[in-house]
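An overview of the molecular structure
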Amino acid sequence: MKQLGAGIAITGSGSATPAVSLDNHALSKIVDTSDEWIRTRTGIESRHLAKAEESLTDLAVASASAAIAQAGITPEDLDLIILATSTADDLFGSASKIQANLGATRAVAFDLTAACSGFIFGLVTGAQFIRTGAYQNVLLIGADILSRWLDWSDRTTCVLFGDGAGAVVMQASATEDDSLLGFELRSDGKQNDCLKLSYRSGSQELTSNVSVGSGSYRPITMNGREVYRFAVQKVPEAIEKALFRANLNTEEVDWLLLHQANQRILDSVADRLKIPQDKVLSNLASYGNTSAASIPIALDEAVRAGKIKPGHVIAASGFGAGLTWGVAIFKWGR
Ligand code: UT7
């Protein structure tokens, strides 16, 4: 009999995006840009934006419910929920609220912050709990509402991002059927200034010699050229490393699933790896860059469209603020 334990199967996916979308033409009435510039420089045509009253928790729960249903389990079966996000509704974390709203009464839940690499970092983190035998059923959600944190007068950032959530269920499987074939996670804090959503401290005097910070977060700032350069150099290297660990070559990859930041980055990484365009998943035209949500939204769309089939090998890579980057090579389904 096969032993449950050290193997991982990724058995369900789901996604949710806000109903409202804003196309480039409408955006160019708000800020000094054009549809032509955004399309040719990024490939983005439109993005979904959460209303003020829409919460990250609601989007996350909607994507999670779909993933749980596809996996054929119930919320009570979950042992662990990881929410990868940089834009939680609550700085103390939103995972517990998601746990309660799902009715995942047995699950422990926590947030994980690694910006646009969050989904990949979360996938590898969740996998460790399964590999040690501690947990059997793990829900991973990547969700972000970056629209809350943009300066809508800054054309160098506001045209790029959108909101959404995506989720997967990871389950224990037989060791010999392990679907997480290889990974590589990296950070380079020396380049931290390239992409930030940072706390700006004011000062509040409590007594004559004690003062504490009292501030707020300032909108996203980005050195786009530096982040671009970093992505096209580091991502192919990391994918090659993870493929080497998985004992696979690029021809054995069925789908290249990159963080949906810029079509030019997708094209360049695919070119460097000699992966043909028809194996590259891309949906950023409709969603823009949804940060931690971009990989699971694209994954879920491809699964539901019947493109990704059980047994297909996916090379997924997230990259962004930190700077961080990560790769997971995994097989879809049982
Ligand atoms: O999720 C995290 C990961 N983030 C990324 O991966 C983003 C990586 N970076 C990029 O995708 C690209 O660098 C951008 C799309 C952000 C920018 O494209 P670029 O080809 O690197 O443009 P650039 O920053 O070099 O700017 C070129 C010109 C500048 O004008 P000048 O100085 O040449 O006169 C900008 O002011 O384009 C101008 N520009 C714009 N023009 C119209 C910048 N943003 C806009 C805009 N509309 N929205």
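Since this is a predicted model, take the numbers as computed values, not measurements.

Rules used in this analysis
- Residues numbered from 1 in each chain as written.
- Predicted model: local features only at pLDDT ≥ 70, side-chain atom pairs only at ≥ 80, totals over all residues.
- Heavy atoms only, no water.
- Helix = DSSP H or I, 4+ residues; strand = E, 2+ residues; numbered from the N terminus.
- Rg over C-alpha atoms; globule rule 2.2 N^0.38 Å.
- Contact = heavy atoms within 4.5 Å.
- Areas by Shrake-Rupley, 256 points an atom, 1.4 Å probe, with all protein chains shown as cover.
- Lys, Arg positive; Asp, Glu negative; His and termini not counted.
- Charge placed at Lys NZ, Arg CZ, Asp CG, Glu CD.
- Pairing = 2+ DSSP bridges.
- Axes fitted to C-alpha atoms, helices over the stretch in contact; angles between N-to-C directions.
- Domains from an automatic or database assignment.
- Buried area = accessible area lost by both parts, 1.4 Å probe.
- Salt bridge = Lys/Arg side-chain N within 4 Å of Asp/Glu carboxyl O.
- Polar contact = N/O pair within 3.5 Å; in protein donor to acceptor, adjacent residues only side chain to side chain.
- Nonpolar A, V, L, I, M, F, W, Y, C, P; charged D, E, K, R; others polar.

What to know about the overall build of the protein
In terms of regular secondary structure, the protein is built from 10 helices and 17 strands. Against the compact-globule benchmark of 20 Å for 334 residues, the protein has a radius of gyration of 20 Å, which places it among compact chains. When the backbone C-alpha atoms are referred to their principal axes, the protein occupies close to 65 × 50 × 40 Å. In the protein, the share of contacts with a sequence separation of at least 24, taken over all contacts with a separation of at least 6, comes to 76%. Per element, the accessible surface of the protein, about 14400 Å² overall, is 50% carbon and sulfur. In the protein, 30 side chains carry a positive charge and 36 a negative one; their mean positions are 4 Å apart.

Focus: the sheet that holds strand β16 (residues 313–320)
Strand order across the open sheet formed by 4 strands is β8-β17-β16-β15, with mixed pairing between neighbours. Two strands in the sheet have a free side with no partner beyond their single neighbour: β8 (180–187) and β15 (255–258). Averaged over all pairs of adjacent strands, the angle between their axes in this sheet comes to 10°, without regard to strand direction. Where β16 meets strand β17 (residues 324–331), 8 bridges bridge the pair, whose relative direction is antiparallel. Bridging across to β17, Ile314 finds its partner in Phe330.

Focus: the domain arrangement of the protein
You can read the domains of the protein as domain 1 (4–177) and domain 2 (180–190 + 221–331). Here the C-alpha centre of domain 2 lies 16 Å away from the C-alpha centre of domain 1. Taken together, the contact pairs 45 residues of domain 1 with 40 residues of domain 2. Here domain 1 meets domain 2 over a buried area of about 3200 Å², counting both sides, of which 64% is carbon and sulfur. Summed over the three residues of domain 1 that lose the most area to domain 2, namely Cys116, Ile120 and Phe121, the buried surface amounts to 19% of that side. Where domain 1 meets domain 2, there are 0 salt bridges. Here domain 1 is connected to domain 2 by 16 residue pairs in polar contact (both at pLDDT 80 or more). Elements with a minimum of two residues in the side of domain 1 that touches domain 2: β1 (4–16), α2 (35–42), β3 (46–48), α3 (56–71), α5 (118–131), β6 (137–145), α6 (155–158) and β7 (163–174). Per element, the largest residue contribution to the side of domain 1 that touches domain 2 is 8 residues, and it comes from α5. The class makeup of the residues in the side of domain 1 that touches domain 2 is 21 nonpolar, 18 polar and 6 charged.

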